[in-house]
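Single-letter residue listing:
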Amino acid sequence: MLEIRDLNVFRGATHVLKGVSFQVREGELAALIGANGAGKSTTLLTLSGLLRPRSGTAILRSGGKEFDLTRLASEKIVRAGLIHCPEGRQIFQSLSVAENLAMGAYAQRDKVRIRETLDEVHSLFPILAERAGLAAGSLSGGEQMMLAIGRALLARPRMLLLDEPSLGLAPQVVEKIFDVIARLKSTGVTILLIEQNAAMALEVADAAHVMENGRIVLSGTGAELASNDRVRQSYLGIAA
Amino acid sequence: MAATQEVKPSNDTAVGTVVPRGGFIAAALTVLAAAAAVFAAQHGFSAYVVTLLALLFINAALAVSLTLTNGLTGLFSLGHPAFMTIGAYVAAILTFSARRKGSMLPDLPEWLAATELSMLPALLIAGLAGGLVALAIGGAVLRLKGHYLAVATLGLIIVVQGLATNWDGITRGGAGLSGLPRHVNVWWAFGFLVFVVALTWRMKFSSLGRAMMAVRENELAAECSGINAARLKILAFVVGAVLAAMAGALLSHLISVVTPKTYSVLLAFNIVVMVVIGGSGSITGALAAAAAITILSESLRPVEESVGLYGLSQVIVALCLILVLYLKPAGLFGSGEPAVVRRLFSGRKEP
C-alpha cells in the first residue's frame, strides 16, 4: 500500500530523515516507534505532503492507482485517501464539534456518504454527537483526540496516519482510543501509527519499525519487537 | 435504516451546504425596510445627513469586507487603503470628463484620454484592478503571518501612496484629482453595502467560509483535511481587495476628489478598529461598529471645532477600542452572529 524508499528530509539545515525505507502492506496496522526527535513526525509530515524530501520516493497504491507522495500537493494526497491526523490534537478550537467534523469531509462531495460516515463516527464516539454544538476548544483532552480522529475518519481514509494519539491522555482514554484503532483496522483501513507508548503500540501492531536518529534501525512484527532485547531495554523500560 | 435516517438539526448545519429559503425572504424584507428608511432620510433630512449616511454605508461595507479577510481567514491585513486608492484612481481616470483629461493628465494613452465611462463599468474595472494587484502581490505577502503581514501590507499603503504622488502625468501628483463627477449618491452606497453583506454572508456560511475559519484556527490541521490553505488565503485577500477597491471608487465619486492621502494608514486603523470592536469575523458586529464609529466621529467634529481640540474623535475611538478589548476581548459579537440575526436570516443554528 505504501512504499517508502531512501527518504532524506531536511528541516532547515538539519538532516532529519537519513535514508528512511519501509513498507506498509494493505490492511496492516504498522507502528513507528522511537524517542523524541527521532524523525517520526517528520516522516508523517513528508508522507502527507506538508514537507518535501530532498531525495527519495514514497509511493501510495490506493484504489488501483499509484501516487507519488513526494510530488503531490497535500490536498490531492487527501483525495487519494491518505489522511494524516497530526500530533497534538490539532483541532479548530473556536469552531463547533460538528463544524470540525464537517471540515474532515471537506474533500468529499457525496452528501449521503458524508452522512453515513458521520453516523459511523458518532457510533464510535457517541460523545461527539452529544457535544456537536459546543466549541471544540471546550472539550477535554480525550474528547479532543476523539474529535481529531473522527475528523480524519470523515475524510474516508484508505490509509490513516496517526501521530501520537495517546499523548497526554488518561489511561482509560488511551484504552478507548486503541480500541477504536483496532476497530478501524478490522474495517480494512491501513494504519501507520506513531507512538511513544511503545508497549501499547507493539501489542496491537502487525508490523513495527524502530526509528533512531532519522534511520530505521529495526523492523519486524509487533510480537518480535516486543521480545527484542534492545527494544525491551530502550523503549519498554524492561531490563534485559 | 431508521438509525441513519435520524438527523439531528445541530449536525445538519455543519454538513452540507445550506440554502435558507426563509432566510432569503427575511433578508429581502430587511433590505426593503432599510431602503424605505433610506428613502425617508433622503427626503426628510439635509443633504449633509444623507451624505453622512452614504459614508456610513461605505464604511460598513469596508468593515464587512475586512471581516472576510481578517476575521474569517485570520489574515491581519492593513492593505485596504492601498486597494481603495488603486480603485479610486482607476475609476476616477475612467469617469473623468474627456475634454479636461487630455490637458490635466498628459501621460495618459490616447485611447484612455478619450474614454469617459459611467459609474458602473468604472466601478467594476476598479474592482478588477484592485483584485489583480492583490493577486500579484498575494503570493509573496501571504507567506508572512500575523504582525509581519500587517507590516508588509502597511508598506503597501506607502508604496501606492508614493506611486500616486509621483506618477503625476497620470495622477496629477499630490494635488490629486478633484472635480470628479458626483456619480455616487446614497443609493449606490446602500446597494454596495447590501451586495457586500450578502456576498460575505453567503461565503461565511458555506463550506468555503468554514474552510477559511479552519485555516485561521489551525493551518496544519486544515491542510490535513485537504484544504489548499495557500490558495484559500489568496482568495480571501483578493476578494477583500476587490471590495476595497470598489469602495474606494465609490467614496471618491461621493466626495468628488481623490488624492494620494485620501485613504491613509489612519483609515486602515479605523476599519480595523471597527472589525475588532464588532468582533473579528462577525458581520453583524462589523456593521454595528462601523455605524457607531462613523456617527461618533462625525458628531464629535463640531465639538472638536468649538473646543479647539482637533483629533479628539481619534482619541475617543482609540479609548473605545481599549475599553472593548479590556471588557470583551473577543469584540462585541465574538466571531459569530447574534442568535436573533442568525435565526432570522438563515433559519439555522450556529454555535
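Residues numbered from 1 in each chain as written. Chains lettered and ligands numbered in written order. Predicted model: local features only at pLDDT ≥ 70, side-chain atom pairs only at ≥ 80, totals over all residues.

(A) Highlighting the sheet that holds strand 2 (residues 14–24) of chain A. All names here are of chain A. Judged by pairing direction, the sheet is antiparallel, and its four strands sit side by side in the order 2-1-4-5 without closing on themselves. Edge positions in the sheet fall to strand 2 and strand 5 (65–68), since each has one partner strand and no second. Taking the axes of each pair of neighbouring strands and ignoring which way they run, one obtains an average angle of 25° across the sheet. (Pairing = 2+ DSSP bridges. Helix = DSSP H or I, 4+ residues; strand = E, 2+ residues; numbered from the N terminus. Axes fitted to C-alpha atoms, helices over the stretch in contact; angles between N-to-C directions.)

(B) Representation of the sheet that holds strand 3 (residues 29–34) of chain A. All names here are of chain A. Strands sit in the order 6-7-8-3-9-10 across an open sheet of six strands; the sheet is mixed. Every other strand in the sheet has two partners, leaving strand 6 (82–85) and strand 10 (215–221) as the edge strands with one partner each. For this sheet, the mean inter-axis angle between neighbouring strands, taken without regard to orientation, is 15°. By the bridge criterion, four bridges tie strand 6 to strand 7 (residues 159–163) in an arrangement that is parallel. Bridging from a neighbouring strand, cysteine 85 pairs with leucine 162 of strand 7. The strands touched by helix 1 (residues 40–47) within the sheet are strand 3, strand 6, strand 7, strand 8 (190–195) and strand 9 (207–212), with strand 7 carrying the most contacts at an inclination of about 145°. Sheet strands in contact with helix 7 (residues 171–186) are strand 3, strand 7 and strand 8, and its direction is about 155° off that of strand 8. (Contact = placed C-beta atoms within 7 Å.)

(C) Local environment of the domain arrangement of chain A. Residues and elements named next belong to chain A. Here chain A is described as being made up of domain 1 (1–81 + 157–175 + 188–240) and domain 2 (92–155). Using only C-alpha atoms to locate each centre, domain 1 and domain 2 end up separated by 24 Å. Counting residues at the interface gives 10 residues for domain 1 and eight residues for domain 2. In terms of residues, the side of domain 1 that touches domain 2 owes the most to one element, helix 2 (residues 74–79), which gives three residues. (Domains from an automatic or database assignment.)

(D) The arrangement of the interface of chain B and chain A in detail. Taken together, the contact pairs 27 residues of chain B with 37 residues of chain A. Considering each element in turn, the side of chain B that touches chain A owes the most residues, six residues, to helix 12 (residues 207–217) of chain B. Classifying every residue of the side of chain B that touches chain A by side-chain character gives 11 nonpolar, 11 polar and five charged. (Nonpolar A, V, L, I, M, F, W, Y, C, P; charged D, E, K, R; others polar.)

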